[in-house]
Amino acid sequence: MDSITALLEGFATAAQPAYLLYALLGVTLGTAVGVLPGIGPAMTVALLLPLTYSLEPTAALIIFAGIYYGGMYGGSTTSILLNTPGESASIVTALEGNKMAKAGRGAAALATAAIGSFVAGTIATVLLTLLAPTIADVAVQLGPADYVALMVVAFTTVAALLGSSPVRGLASLGLGLFIGLVGTDTLSGQQRFTLGVATMADGIDVVVVAVGVFAVGEALYVASRLRHGPIEVIPIGGKWFTRDFWARSWKPWLRGTFIGFPIGTVPAGGADVSTFLSYAAEKKLSKRPEEFGKGAIEGVAGPEAANNAAAAGVLVPLLTLGLPTTATAAVIVAAFQSYGIQPGPLLFTNNSAMVWALIASLYIGNVMLLVLNLPLVKIWVKVLQIPRPYLYAGILLFAALGTYAVNFVVDDLIVLLVIGVVGFFMRRHGYPVAPLVVGLILGPMAEEQVRRTLQISEGSLSALVTSPFAAVAYSVLVVLLAVTVVLRLRRKKSQVMV
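Throughout, a residue's number is its position along its own chain's written sequence, starting from 1. For this predicted model, a pLDDT threshold of at least 70 governs which residues receive local features, and a threshold of 80 or more governs which side-chain atom pairs are given and counted, while totals over whole chains, interfaces and linings are taken from all residues. Hydrogen atoms and water are omitted, and side-chain values are computed over all heavy atoms in the structure.

- The chain is annotated in an unreviewed UniProt entry as Tripartite tricarboxylate transporter permease of Lentzea indica.

## Let's talk about helix α19 (residues 434-456)
So, step 1. The end-to-end C-alpha distance of α19, which contains 23 residues, comes to 32 Å, matching closely the 33 Å that a straight helix rising 1.5 Å per residue would cover.
So, step 2. Note that bend, as reported per residue, equals the angle between axes fitted to the 7 residues terminating at that residue and the 7 residues originating from it. Strands here are runs of E lasting at least two residues and helices are runs of H or I lasting at least four, both read from the DSSP assignment and numbered beginning at the N terminus. At L442, α19 shows its largest bend, some 40 degrees, and a proline, P444, comes one to four positions later. A helix's residues, less one, multiplied by 1.5 Å, set its expected span.

## So, helix α2 (residues 17-35)
So, step 1. Counted at 1.5 Å a residue, the expected span for α2 with its 19 residues is 27 Å, and the 27 Å between its end C-alpha atoms agrees.
So, step 2. What α2 keeps buried is the set Y19, A23, G26, V27, G30, T31, A32, V33, G34 and V35. Each residue is assigned to one of three classes by its accessible area relative to the maximum for its type, calculated with a 1.4 Å probe on protein chains only: buried under 20%, partly exposed between the two thresholds, exposed over 50%.

## Some remarks on the pattern of salt bridges
So, step 1. Salt bridges, as used here, are contacts in which a Lys or Arg side-chain nitrogen is within 4 Å of a carboxyl oxygen on Asp or Glu. A full pass over the atoms with the stated rule returns four salt bridges.
So, step 2. For R192, the salt bridge is made with E447, and the minimal N-O distance between the two is 3.0 Å. Separated by 255 residues along the polypeptide, R192 in strand β2 (residues 191-192) and E447 in helix α19 bring together distant segments of the chain.
So, step 3. Where E448 meets R452, a salt bridge forms, and the shortest distance between an N and an O atom there is 2.8 Å. In this pair, E448 and R452 both sit in helix α19, four residues apart, roughly one turn of the helix.
So, step 4. The partly exposed category is assigned to E448, whose relative accessible area is 42%.
So, step 5. Connected through shared salt-bridge partners, R192, E447 and R451 make up one network.

## Re the packing of α2 against helix α15 (residues 352-373)
So, step 1. The contact between α2 and α15 brings their axes to 10 Å, and the two run at 50 degrees. If you check the angle between α2 and α15, you find them oblique. As for the relative orientation of α2 and α15, their crossing is right-handed in sense. Each of L20, A23, L24, V27, T28 and T31 in α2 lies in contact with α15, whose residues at this interface are I364, G365, M368, L369, L372 and N373.
So, step 2. For the contact of α2 with α15, the class distribution of residues is eight nonpolar, four polar and no charged. Angular values range over 0 to 180 degrees, each being the angle between N-to-C directions of two axes fitted as lines to C-alpha atoms, with helices fitted over their stretch in contact. Roughly parallel covers angles under 35 degrees, roughly antiparallel covers those over 145, roughly perpendicular covers 65 to 115, and oblique covers all other angles. Crossing handedness follows the turn of the near helix against the far one: under a right angle anticlockwise gives a left-handed crossing, and clockwise gives a right-handed one. Whether two residues are in contact is decided by their heavy atoms: any pair within 4.5 Å suffices. Charged residues are taken to be Asp, Glu, Lys and Arg, nonpolar residues to be Ala, Val, Leu, Ile, Met, Phe, Trp, Tyr, Cys and Pro, and polar residues to be all remaining types, Gly included.

## Side note on a nonpolar patch on the surface
So, step 1. On the surface, a cluster of nonpolar side chains totalling about 820 Å² of accessible area is made up of L175, F178, F193, Y404, F408, V410, I414, V418 and V422.
So, step 2. Broken down by secondary-structure element, the contributors of at least two residues to the nonpolar patch are α8 (166-181) and α18 (410-428).
So, step 3. Per-element tally for the nonpolar patch: the top contributor is α18, with four residues.
So, step 4. Along the polypeptide, V418 turns up in helix α18. Nonpolar side chains (Val, Leu, Ile, Met, Phe, Trp, Tyr) within 5 Å and like charges within 9 Å form the patches, drawn only from residues with over 30% relative accessible area and no salt bridge. Areas reported here follow the Shrake-Rupley algorithm with a probe of radius 1.4 Å; residue values treat only the protein chains shown as occluding.

## Focus: the nonpolar core
So, step 1. Throughout, nonpolar core names a set of buried Ala, Val, Leu, Ile, Met, Phe, Trp, Tyr and Cys residues whose side chains join them through atoms within 4.5 Å. With 117 residues, the main nonpolar core has F64, F214, L319 and F336 as its most contacted residues.
So, step 2. Considering each element in turn, this core owes the most residues, 13 residues, to helix α9 (residues 206-224).
So, step 3. When sequence neighbours within four positions are dropped, the list of residues in contact with F336 reads L61, L318, L319, I341, P343, L347, M354 and L358.
So, step 4. Residues L110, A114, A301 and L374 belong to the second largest nonpolar core, which totals 18 residues.

## Quick notes on the environment of V333
So, step 1. Here V333 lies in helix α13 (residues 327-338).
So, step 2. Among the residues examined, V333 registers a relative accessible area of 0% and is labelled buried.
So, step 3. The sequence separation of V333 and L442 amounts to 109 residues, and the corresponding C-alpha distance is 9.9 Å.
So, step 4. The contact partners of V333, leaving out residues within four places of it in the chain, are L318, P324, P343 and I441.

## Observations concerning the packing of aromatic side chains
So, step 1. Centre distance within 6.5 Å is the pairing criterion for rings of Phe, Tyr and Trp, where only the six-membered ring of Trp is used; planes under 30 degrees apart are then read as stacked, over 60 as edge-to-face, and the remainder as tilted. For the coordinates displayed, the defined rule picks out seven aromatic pairs.
So, step 2. A ring pair is formed by Y19 and Y22, whose centres lie 6.4 Å apart and whose planes are at 50 degrees; its orientation type is tilted. Here Y19 and its partner Y22 are both found in helix α2, three residues apart, which amounts to about one turn of the helix.
So, step 3. Look at Y22 and you get partly exposed, because its relative accessible area is 25%.
So, step 4. The aromatic ring of Y431 is capped on one face by R168, whose charged end is 5.6 Å from the ring centroid. As a reminder, the over-ring test applies to NZ of lysine and CZ of arginine, requiring each to be within 6 Å of the ring centre and within 35 degrees of the ring normal.

In structure tokens:
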């Protein structure tokens, strides 16, 4: 009942006209960037981080949450009408959705994607509401060694399981951990890796790194791969809703929701894994398996529901443990930290009003997204016609202006350029960028907890693994790695079959 009361108070806050406008702004931006190929929620949140410093924390986080949810909605439009997934989680939607559009059933594909996203997002947000406070209450009891174990789980899973190669993921994580060491050691007062630059003594700002990797690096990478000539968009054809539409969609929506949410809560589970699992499940359970690969509506309904449910699931470890498990979640953690707020078990105690207003805004944002995506889909198609040179030039301009506005120091622009070039080459050579940001954010926290554990145990390394929770966490890590490898192999097999 305490959670229900707190949620109702959150609705009272989120329903204020100013916060409703911020939520509308967030979901609108999120849908727009989801529609545009190559521009994801992580880039948008990173780009807006410096520009939202004038807002209060609740308003800024409501905008970022709206962008996150909206990006998941908008990605289906470009997948269905262009056969160009803007995010890896939209790849499966393109498999069947584009075939439906080419067959003159684009309206039905867009409708099942939008309604499935709404159903899954709402159910998953309810589960987030019920689970998050309980997990936070348990997490308050954890000691330093337990937090070290949690961070090792996050490091290992995010680095080893994101991207095409575990070695490249670990290399990206190592670079992030190294950047996190730059600055002044809080224990000894010694400067580390500052190269004698005075402004580096305070470390490299997480916001500068996030904008450099996600905005500058990604913009350079996508711009370098732009297609020449006009973009061909398939016209929206067919009826939006029929009796057959509802009969074939509602079960995949529910199945996708309950596949996506638990996978989203697992470090490095992510939306892309859940979408492939949902697609495989629908293909196996379908009474019309011969339609798969030719435009089966179940192949759009299930994966889109799994996609949005996983997005809500990712917020569970983020809010309750402070562990970002996706690229966008890592940037949202940076947004929390920029306001001096540390997500984790104490978030529900120290910032209760803010976090419940944030969760309430997710419900409101879901309704807004349903309204934005169905009647206004033709407007989002027009967004696809924005000239790409103007778009990416604008991204680079805002990235530079926003970074300079953080500290008003020219050195930050040099760091931004260097990090952006590094991010470009990482993307070009298949190195995932999410582990870099996760390492940068969690590295200093892990170092602090390791030191605290060793101080309490008088230097005994065994203290890091003898805690019951830590032992369970490391055991779960081994199982998690094995299961995820199996799931990845199944996903590749399903791709080959399709």
